[in-house]
Amino acid sequence: TRMALSICAAFATGAAALSPAALPAPAAGRAAVCMQGGGAAAGIGGSGGPGLQWGGVENDPNFKTAKLSDKLKEADIERRLESEAIAAREEAVQRAREERARKVALLTQIPDDVKAGTVDDFMYKEGVKDILEKLDYDLIGLTPVKQRVREIASLLVVDKMRLKLGLETSVPSLHMGFTGAPGTGKTTVALRMGQILQRMGYCRTGHVVVATRDDLVGQYVGHTAPKTKEMVKKAMGGILLVDEAYYLYNAANDRDYGQESIEILLNVMENNKEDLIVVLAGYKDKMDAFYGFIPGMASRIGNHIEFPDYEDDELVEIGKVMCRELEYKLGPGAEPALKDYLSKRKRMPFFANARTVRNAIDLARMGSAIRVFNEKMSPSSNGMVSEDELMTIMPDDFPAPEDGLTGIES
């Protein structure tokens with residue numbers, strides 16, 4: 001009897017300890033567990049006893065969740081970035097090791113009495129002489145520009161001669177700043193510089209990618225970096241020519257997206273200078289102000305070339321070259337008519353040097369075609385057209401300067 005009473009007392013004490021009132025409240029930030037009356041399965045010894053049941057987290061503000069796919073994506077991006085950084089470091093170390101081995105081999109193999117060779121040999125062998133001659137042929141005037149290009153080519157040739165003897169060499173800063181009005185030959189010079197640098201081994205392809213603010217700067221947050229990096233990727237191995245580069249910076253708006261593009265370009269110019277050459281072009285006064293706002297950009301530009309406006313006689317020579325390339329010729333009195341047209345047009349808005357000359361030649365070709373058509377369609381003509389008539393531009397074929405003012409030449 002005493003044993004039965006002890007067992008009953010112990011059972012009652014245990015049931016009281018498991019009652020809902022005796023249990024502590026669930027800790028904040030953890031899933032709730034509630035006690036509810038249940039059936040025989042819920043009770044400890046029979047029906048009606050308290051049981052454990054999941055309370056859920058929907059109403060708990062301290063319980064935070066995240067999608068497994070998002071976490072996996074973030075981890076994958078971090079691993080990829082880390083792998084790319086490691087690969088870049090290993091590649092840089094490997095290039096430095098190969099360069100050092102090459103120099104050691106040169107110093108070991110070259111006898112002391114071996115000469116580097118003549119400058120003319122290097123200029124001819126690398127094809128630089130042909131490119132410089134083509135530059136003289138293509139560009140009328142621009143003597144200071146051609147001289148500066150020759151100076152840069154001279155530096156590269158001497159650097160190659162030092163390399164042949166195993167002397168210490170380093171890639172000079174080849175980033176450039178072109179200043180001048182539209183139509184003064186900046187893109188043409190960039191193309192020729194790309195060819196020179198490619199022939200000399202300072203860039204892989206030598207191609208030129210022309211970009212403006214619209215190509216580099218996005219219209220909303222997160223759009224600028226992909227656009228700029230895409231243009232940089234296209235230009236890798238050659239030249240990235242940023243025309244009217246000062247429009248990348250807006251001094252009146254600190255939140256302008258152009259600042260992000262500038263920062264990317266600065267980073268590329270410093271870290272990828274052996275595989276990409278950046279050329280910034282625009283009007284001189286605006287470019288000077290741009291360099292003042294972005295001092296880091298000015299310090300990375302090692303070569304500044306100013307493109308002056310063409311004189312009237314030079315513009316006429318440009319017109320004659322364009323006619324020659326199109327298999328036209330200026331007839332009697334056409335050359336003075338072209339010079340008069342350009343001298344008047346030069347004092348009007350939107351004058352664009354060689355581009356204006358090209359527009360003038362195009363208008364003269366149209367005038368020549370209309371003249372020949374009308375002459376041969378007249379009743380007094382037999383309708384036969386000679387080769388000379390199809391190739392000749394006459395003075396009356398040039399329009400009045402006001403007619404050539406399209407407003408879009410610049």
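Conventions adopted
Residues numbered from 1 in each chain as written. Predicted model: local features only at pLDDT ≥ 70, side-chain atom pairs only at ≥ 80, totals over all residues. Heavy atoms only, no water. Salt bridge = Lys/Arg side-chain N within 4 Å of Asp/Glu carboxyl O. Helix = DSSP H or I, 4+ residues; strand = E, 2+ residues; numbered from the N terminus. Buried < 20%, exposed > 50% of the residue type's maximum accessible area, 1.4 Å probe, protein only. Phe/Tyr/Trp six-rings, centres within 6.5 Å; stacked < 30°, edge-to-face > 60°. Pairing = 2+ DSSP bridges. Axes fitted to C-alpha atoms, helices over the stretch in contact; angles between N-to-C directions. Contact = heavy atoms within 4.5 Å. Lys, Arg positive; Asp, Glu negative; His and termini not counted. Right-handed = clockwise from strand over helix to strand, strands pointing away. Parallel < 35°, antiparallel > 145°, perpendicular 65-115°, else oblique. Left-handed = near helix turned anticlockwise from the far one by under 90°. Nonpolar A, V, L, I, M, F, W, Y, C, P; charged D, E, K, R; others polar. Patch = residues over 30% accessible without salt bridge, like charges linked within 9 Å, V, L, I, M, F, W, Y side chains within 5 Å. Areas by Shrake-Rupley, 256 points an atom, 1.4 Å probe, with all protein chains shown as cover. Charge placed at Lys NZ, Arg CZ, Asp CG, Glu CD. Polar contact = N/O pair within 3.5 Å; in protein donor to acceptor, adjacent residues only side chain to side chain.

(A) Quick peek at the pattern of salt bridges. Under the definition given, this model contains 16 salt bridges. For Arg 80, the salt bridge is made with Glu 84, and the minimal N-O distance between the two is 3.3 Å. Of this pair, Arg 80 and Glu 84 both sit in helix H2 (residues 68-109), four residues apart, which is roughly one turn of the helix. Classification of Arg 80 as partly exposed rests on a relative accessible area of 43%. We classify Glu 84 as partly exposed; its relative accessible area is 43%. Among the ionic pairs, Lys 339 bridges to Asp 313, the shortest N-O distance being 2.8 Å. Remark: Asp 313 occurs in helix H12 (residues 312-325) and Lys 339 occurs in helix H13 (residues 334-345); sequence separation between them is 26 residues. Using a relative accessible area of 36% as the deciding quantity, one classes Lys 339 as partly exposed. Overall, the relative accessible area of 48% leaves Asp 313 in the partly exposed class. Several salt bridges converge on common partners, so that one network encompasses Glu 317, Lys 320 and Glu 335.

(B) Examining the packing of aromatic side chains more closely. One pass over the full model with this rule turns up four aromatic pairs. With centroids separated by 5.0 Å and ring planes inclined at 70°, the aromatic side chains of Tyr 246 and Tyr 247 adopt a geometry described as edge-to-face. In this structure Tyr 246 comes out as buried when scored by relative accessible area, which is 7%. A residue is classified by how much of its surface remains accessible, and Tyr 247, at 41% relative accessible area, is partly exposed. Judged by centre distance (6.0 Å) and plane angle (50°), the rings of Phe 290 and Tyr 291 are tilted.

(C) View of unusual backbone geometry. Non-glycine residue Leu 142 carries a positive phi angle of around 50°. Taking the relative accessible area as the measure of exposure, Leu 142 reaches 5% and is therefore buried. The residue Asn 353 is not glycine, and still its phi comes out positive at about 50°. Considering the arrangement of structural elements, one finds Asn 353 in the loop between H13 and helix H14 (354-377).

(D) Just the sheet that holds strand E7 (residues 303-307), in detail. Ordered in space as E4-E5-E6-E3-E7, the five strands form an open sheet in which the pairing is parallel. Two strands lie at the open edges of the sheet, namely strand E4 (208-211) and E7, each paired on one side alone. Neighbour-to-neighbour, the strand axes of this sheet turn through a mean angle of 20°, independent of strand direction. Both strand E5 (residues 239-243) and strand E6 (residues 277-282) contribute to a ladder of five bridges, which runs parallel. For Leu 240, the partnering residue across the bridge sits in E6 and is Val 278. Running over the sheet, helix H6 (residues 186-199) touches strand E3 (176-180), E4, E5, E6 and E7 and is turned about 165° from E5.

(E) Region of interest: the side chain of Lys 186. Tracing the chain through its elements places Lys 186 in helix H6. The charged side chain of Lys 186 is buried without a salt bridge, its nearest counter-charge being Asp 243 at 5.5 Å. Excluding anything up to four places from it in sequence, Lys 186 contacts Phe 178, Gly 180, Ala 181, Ala 281, Gly 282 and Phe 307.

(F) Layout of the pairing of E5. Of all five residues that make up E5, four are buried, and the element is covered over most of its length. Both E4 and E5 contribute to a ladder of four bridges, which runs parallel. By the bridge assignment for E5, Val 208 is matched with Ile 239. Following the chain from E5 across helix H9 (residues 258-271) to the adjacent parallel E6, one finds a crossover that is right-handed.

(G) Representation of the pairing of E6 in the model. With respect to burial, E6 is a largely interior element, six of its six residues being buried. Covered by surrounding structure in E6 are Ile 277, Val 279 and Ala 281 together with Val 278, Leu 280 and Gly 282, the residues of both alternating faces. By the bridge criterion, four bridges tie E3 to E6 in an arrangement that is parallel. The partner of Thr 179 across the bridge, within E6, is Gly 282.

(H) Highlighting the packing of helix H5 (residues 143-164) against H6. Interaxial distance between H5 and H6 falls to 11 Å at its minimum, and their mutual angle equals 15°. The angle between H5 and H6 places the two elements in the roughly parallel class. Crossing angle aside, the handedness with which H5 passes H6 is right-handed. Every residue of H6 that contacts H5 at Val 145, Val 149, Ile 152 and Leu 156 is listed here: Val 189, Met 193, Ile 196 and Leu 197. Classifying every residue of the contact of H5 with H6 gives eight nonpolar, no polar and no charged.

(I) Spatial organisation of a negative patch on the surface. A surface patch of like charges, here negative, comprises Asp 70, Glu 74, Glu 78 and Glu 82. Relative to the elements of secondary structure, Asp 70 occurs in helix H2.

(J) Representation of the side chain of Asp 256 in the model. If you trace the backbone, Asp 256 turns up in the loop between E5 and H9. Of the residues examined, Asp 256 reaches a relative accessible area of 13% and is grouped as buried. A distance of 3.0 Å separates polar atoms of two side chains, one belonging to Asp 256 and the other to Arg 213. If we skip the residues at most four places from it in the chain, Asp 256 touches Arg 213, Leu 248 and Asn 250.

(K) Spatial organisation of the environment of His 207. Along the polypeptide, His 207 turns up in the loop between H6 and E4. Linking His 207 and Met 193, residues 14 residues apart in sequence, is a C-alpha distance of 9.6 Å. Once residues within four sequence positions are removed from consideration, His 207 is found in contact with Lys 234, Ala 235, Met 236, Gly 237, Gly 238 and Ile 239. Here Thr 205 takes part through its side chain, which lies 2.4 Å from a polar atom of the side chain of His 207. Here Lys 234 takes part through its backbone oxygen, which lies 2.8 Å from a polar atom of the side chain of His 207.

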